Amino acid sequence: MSKPPVVSSPAQEMGVHELPLRVDAQVVRLELPSSPEDQELLLRLLEIGFLPGEPVRVIARGFPAADPIAVRVGHTTFALRSHEAALIRVSLAAPVEKRI
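Residues numbered from 1 in each chain as written. Predicted model: local features only at pLDDT ≥ 70, side-chain atom pairs only at ≥ 80, totals over all residues. Heavy atoms only, no water.

Caption draft 1: Representation of the pairing of strand β5 (residues 76-80) in the model. Across five bridges, strand β4 (residues 69-73) lies against β5 in antiparallel orientation. Looking across to β5, one finds that Arg72 is bridged to Thr77. Between β4 and β5, which pair antiparallel one after the other, the connecting turn spans two residues, and Gly74 there sits at a positive phi close to 65°. (Pairing = 2+ DSSP bridges. Helix = DSSP H or I, 4+ residues; strand = E, 2+ residues; numbered from the N terminus.)

This is how it looks when you write it as structure tokens:
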């Protein structure tokens, strides 16, 4: 009797605002905003380094409302509002390396 093939489920995607403290993740994509103001914000997030594949970690949250959020992307730390952090979609899964 053969076993059924193992199918790996896709990594769970979440917003940076949902990421627990000090947990390593990677940027998967940026959420497409609906308002023109948020479209400018999306460009700013790309310019400061929130690009697919970049390592991300939440290192602190404001008190008492957990806003702003201190987020490290690569080797740089930024303070983001929860609304801004929600546009950055991340995954806890390690990337798959391509062999050439």
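That was the structure; now back to the text.
Caption draft 2: Representation of the sheet that holds strand β3 (residues 55-61). Ordered by their spatial adjacency, six strands build an open sheet running β1-β6-β2-β3-β4-β5, and the pairing between neighbours is antiparallel. Looking at the sheet topology across the chains shown, the edges are occupied by β1 (13-15) and β5. Sheet twist, expressed as the mean angle between neighbouring strand axes with direction ignored, is 45°. (Axes fitted to C-alpha atoms, helices over the stretch in contact; angles between N-to-C directions.)

Caption draft 3: Fine view of the nonpolar core. Residues Val16, Leu45, Phe50, Val56, Val71, Ile88 and Val90 are the most contacted members of the largest nonpolar core, which totals 20 residues. At the level of elements, β2 (25-30), α1 (36-47), β3, β4 and β6 (88-91) are the ones that each hand at least two residues to this core. If we ignore the near neighbours within four places in the chain, the residues touching Val16 are Val56, Val58, Arg61, Val71, Ala85, Ile88 and Val90. (Core = buried A, V, L, I, M, F, W, Y, C linked by side-chain atoms within 4.5 Å. Buried < 20%, exposed > 50% of the residue type's maximum accessible area, 1.4 Å probe, protein only. Contact = heavy atoms within 4.5 Å.)

What is shown is where atoms sit, not what they do.
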